[in-house]
Amino acid sequence: MANWTADLTGAKLKGMDAVSEVKARLSIEDVISEYVRLKRSGRNYKGLSPFTSEKTPSFMVSPEKQIWHDFSSGRGGDVFTFVQEVEGLDFKDALELLARKAGVDLEQYKGSSGGRPGIDKARLHEALKSAVKFYQSQLLKEHKALEYIRKKRGFSKQTMLDFELGYSPKSQKALADFLLKKGFKEKELQLTGLITRRGGRSIDMFRGRIMIPLHDSTGAPVGFTARLLEDDKNAPKYINTPATPLYDKSRHIYGLHMAKQAIRENDYSIIAEGNLDVISSHQAGFRQVVASAGTAMTEYQLKTLARFSPNVKLAFDQDKAGLDAAERSIPIASKVGIELSIITIPEGKDPDELIRKNVKLWEKAVSDAEYAVDWLINTYKDKFDLDSAQGKRKFSDKLAGVINELSDPVEQDHYVHVISDMTGVSEGALVTKLKGAKSEPPRLKKVTVTNTLPPKEARDRSILADRLLCLALPLPEIRLYLKLIIPQMLVTDAQIKLLEFLRNHPEFDLSASAGEHGEGLEGLEDYVKILVLQFEELYAKVDRLELQYEAAHLRAKIIEYFVKEQKDKLRVLYSRTDETDPKYQQILAKDRDLNQLLKQVKEA
C-alpha cells in the first residue's frame with residue numbers, strides 16, 4: 001500500500017500565507033515533542049496520549065504527512081489543531097502562538113486597508129512581563145502586603161512565586177516611569193491596561209494593591225486582578241485590567257495554564273469564583289481548579305475547558321448571585337456537551353475560607369458534588385411549599401425554563417418524571433408548561449471553537465466511523481459496507497462529506513489520485529491523511545478477507561448506536577403523544593423502520 005500513502009504529502013505551498021509560512025518553518029514532531037515524549041516507530045513517531053490516561057502508546061505523529069492522530073480519543077489533525085487541543089486555544093490564538101515560535105511576523109500578512117497600523121502583541125506581552133517582575137520586587141519592600149499574603153492568606157513562599165504575586169505602590173507613576181525607562185512607549189502601556197489617562201496625564205492603573213497576574217493558557221501574562229490592601233469605602237475591593245488586545249474577560253480562565261494537566265489527569269475541572277480560591281486550592285493540592293472573572297460563565301469558557309475534560313464542577317459562592325449563575329450555566333453546559341456538577345460549600349463559605357479552616361472539608365465538598373439539574377431541583381425544593389398550589393407553581397416556574405433548554409430530550413423526559421413525582425402534578429400538565437416556557441436566553445458571546453471534545457458516546461461513534469472510512473477509502477471492495485450508513489449516523493462534517501464522495505465515486509482509486517487527493521475531496525486533505533495513517537497502523541498487514549469481517553462489524557456497531565439513540569428519542573415522543581394523535585402513527589412507522597434496519601444488519 002506504500003505507493004499511495006507516501007505521496008499524500010506532495011501538495012506544494014501556493015502563494016505563502018501566514019499559515020503556510022508557519023507550517024513551512026515548523027516540523028510537527030518538534031512542536032508536539034514539547035508536550036509528548038515521542039519515540040521513532042518506522043516512518044512515524046509514537047507516544048502516550050496527552051488527552052487520555054493510557055499506558056500503551058497510541059498517539060501517532062507522521063512527519064511525512066505533517067499530521068497527528070490519537071487512537072485512544074479519536075482526535076487528530078495538523079500542528080494547529082494539536083496546539084488548539086492541548087492548549088485550549090481557538091485557531092487565531094494558536095496561529096499567534098505558533099507564529100511566535102516560528103519567528104513569523106503576522107503583521108506582514110495583514111491586508112493594507114488604510115486603517116490603523118497593526119498592534120505588536122509581542123511588545124505588549126513584554127511590557128506585562130516587566131510589570132509582573134516590577135510588582136514582585138515591590139512586594140518584598142512592602143511589609144504590610146507581605147504580612148497580608150503570608151499570614152492572613154496563609155500562602156507559602158513557593159505559592160507566591162508560582163502565582164507571581166506582587167504589590168503596586170501607591171505612587172501614581174511608579175510603574176509607568178519604570179517601564180518608560182525600559183524603552184516602552186506610553187501608547188503601548190495604555191494598550192496593556194497598565195496605565196490610564198486622568199486629568200490630562202498618564203498614571204498607573206493600579207496603586208496600593210496586591211497584584212495577581214492573569215495569564216493565557218500558555219502562561220503568557222495578559223493582565224492583572226488587583227486587590228485593595230487597605231479597606232477604603234470609596235474604592236472597589238477588586239479591579240481587573242480593562243479589555244485590551246490581550247485580555248478579554250469573557251474568554252479568560254484564571255489559572256488554566258497551571259491547571260490544564262491536572263484537569264486531564266483527574267478528568268474534571270473545578271470553577272471557583274475568585275482568583276484567591278484558585279491559589280488556595282492549588283496550594284492544598286487541588287491543581288485542577290480555575291476561576292471565571294466573576295460568575296458569568298460563557299460558552300467560550302466552557303468549550304475551552306471541555307478540551308481538557310467534559311466534566312466540570314462549579315464552586316460558586318452560596319448566595320443569590322451564585323445560585324443564579326449556576327442556573328444560567330446549566331443550559332450552556334448542556335449545549336456544549338459538558339457534564340456540569342455543583343459543589344455545595346458548607347456554612348456559606350467560599351473555597352478559600354473553607355480550605356483555611358479545614359482542607360478535608362473542601363475535599364469532601366468536591367467529592368460530594370451533585371449533578372447540576374438535581375442540585376437545582378433540591379435547592380428550590382427547600383425554598384417552596386410543595387403542598388400548596390402556589391408553591392408548586394413557583395417551583396415548576398423556576399425549573400421549566402432550565403429543563404426546556406436541556407439539549408437531550410431523554411434528559412428532559414427524566415426530569416418531567418422527577419418533578420411530577422415530587423409535586424403530584426401530572427406529566428401532561430408539566431409538558432404543557434414546558435412547551436410554553438419562556439426562559440431568558442443566556443447572553444452568549446458568539447465565538448467559534450473547533451474540535452471540541454464530544455461526549456464519550458459521540459467520541460466512540462466517531463472512532464468507529466473513522467475506522468470504517470479508513471478501510472473504504474483505499475479498498476473499493478469495502479465500500480459496499482457503506483450502503484446502510486446514512487449521514488445522521490456519523491459525527492463530523494468530514495466523515496459525512498467523505499461518505500457522500502465515496503458513494504458518488506464508487507470506483508475512486510486513491511493510489512492513482514493521491515497527488516491531488518481526488519476531485520471532490522477539497523478541504524478533506526488532512527482528514528484523508530489521518531485515515532491513511534490509521535490504515536497503516538491498524539490494517540496494512542491484515543488479510544483482505546479479515547478486513548471485510550472488520551468492516552461488517554464496524555458497520556453493525558455504528559448502526560446499533562444510531563438505532564439506540566433514535567429509539568430513546570421515540571420513547572420520549574411515545575410518552576408525550578396520545579394514540580389518537582396523527583403523529584402517533586408516524587412514531588410507530590419510524591420504530592418499525594429502525595427494527596427493519598437492525599434486521600438488515602444482522603442478516604447481512
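In what follows, the accompanying structure is described.

**Here we look at the overall build of the protein chain**
Along the protein chain, the regular secondary structure elements total 26 helices and 16 strands. Relative to the compact-globule value of 25 Å for 604 residues, the protein chain shows a C-alpha radius of gyration of 28 Å, a close match. Overall, the C-alpha framework of the protein chain stretches about 80 × 70 × 50 Å when taken along its three principal axes. A separation threshold of at least 6 residues defines the contact pool for the protein chain, and within that pool the share at least 24 residues apart is 67%. Counting every atom, the protein chain has about 29200 Å² of accessible surface; 49% of that belongs to carbon and sulfur. Between the mean site of the 93 positive side-chain charges and the mean site of the 88 negative ones, the protein chain shows a separation of 5 Å.

**Quick word on the sheet that holds strand β2 (residues 44–47)**
Taking strand neighbours across the sheet as the criterion, the 5 strands line up as β1-β2-β3-β4-β5 in an open arrangement whose pairing is antiparallel. A strand with exactly one partner marks an edge of an open sheet, and here the two such strands are β1 (39–41) and β5 (75–77). Between one strand and the next, the sheet's axes are offset by a mean angle of 25°, whatever the strand orientation. Lying on the sheet, helix α24 (residues 525–538) is in contact with β2, β3 (59–62), β4 (67–70) and β5; it crosses β4 at an angle near 55°.

**Concerning the pairing of strand β7 (residues 195–198)**
In the case of a regular strand, side chains alternate between the two sheet surfaces. Pairing analysis gives 4 bridges linking β7 to strand β8 (residues 201–204), with the strands arranged antiparallel. If you follow R197 over to β8, its bridge partner there is S202. Turn length for the β7-β8 hairpin, with the two strands adjacent in sequence and antiparallel, is 2 residues, and the turn residue G199 shows positive phi of about 60°.

**Observations concerning the packing of helix α6 (residues 121–141) against helix α7 (residues 143–152)**
Between α6 and α7, whose axes approach to 6 Å, the crossing angle comes to 95°. By the criterion of interaxial angle, the relationship of α6 to α7 is roughly perpendicular. Along the contact surface, α6 presents L139, L140 and K141, while α7 presents H143, A145, L146 and I149. Partitioning the contact of α6 with α7 into residue classes produces 5 nonpolar, 1 polar and 1 charged.

**Topic: empty space enclosed by the protein**
Scanning all chains against the criterion turns up 3 cavities of 30 Å³ or more. Of the voids in this model, the largest cavity is the one considered here, and its volume is about 80 Å³. Lining the largest cavity we find S396, L399, A400, I403, Y415, V416, I419, L430, K433 and L434. Elements with a minimum of two residues in the lining of the largest cavity: α18 (389–404), α19 (409–423) and α20 (427–436). Tallied by class, residues from the lining of the largest cavity come to 8 nonpolar, 1 polar and 1 charged. Y148, I149, R153, F155, L165, I210, I212, R227 and L276 together form the lining of the second largest cavity. Elements represented by at least two residues in the lining of the second largest cavity include exactly α7 and β9 (209–215). Considering only residue class, the lining of the second largest cavity consists of 7 nonpolar, no polar and 2 charged.

**Regarding the sheet that holds strand β10 (residues 221–228)**
Read from one edge of the open sheet, 4 strands run β6-β9-β10-β11, paired in antiparallel fashion. Only two strands of the sheet have a single partner each, and these edge strands are β6 (166–168) and β11 (238–240). On average, each strand axis in the sheet is inclined to that of its neighbour by 35°, with strand direction left out of account. Taken together, the 3 bridges between β6 and β9 define a ladder with antiparallel strand orientation. Note on β9: the bridge partner recorded for S168 is R209. Together, β9, β10 and β11 form the strand contacts of helix α12 (residues 275–283), whose direction differs from that of β9 by roughly 80°.

Reading the values: rules and limits
Residues numbered from 1 in each chain as written. Predicted model: local features only at pLDDT ≥ 70, side-chain atom pairs only at ≥ 80, totals over all residues. Heavy atoms only, no water. Helix = DSSP H or I, 4+ residues; strand = E, 2+ residues; numbered from the N terminus. Rg over C-alpha atoms; globule rule 2.2 N^0.38 Å. Contact = heavy atoms within 4.5 Å. Areas by Shrake-Rupley, 256 points an atom, 1.4 Å probe, with all protein chains shown as cover. Lys, Arg positive; Asp, Glu negative; His and termini not counted. Charge placed at Lys NZ, Arg CZ, Asp CG, Glu CD. Pairing = 2+ DSSP bridges. Axes fitted to C-alpha atoms, helices over the stretch in contact; angles between N-to-C directions. Parallel < 35°, antiparallel > 145°, perpendicular 65-115°, else oblique. Nonpolar A, V, L, I, M, F, W, Y, C, P; charged D, E, K, R; others polar. 1 Å grid on protein atoms, 1.4 Å probe; cavity = no way out; pocket = protein on both sides within 12 Å on 5 of 7 lines; lining within 4 Å. Points joined across faces, edges and corners; volume = space filled by probe spheres on them.

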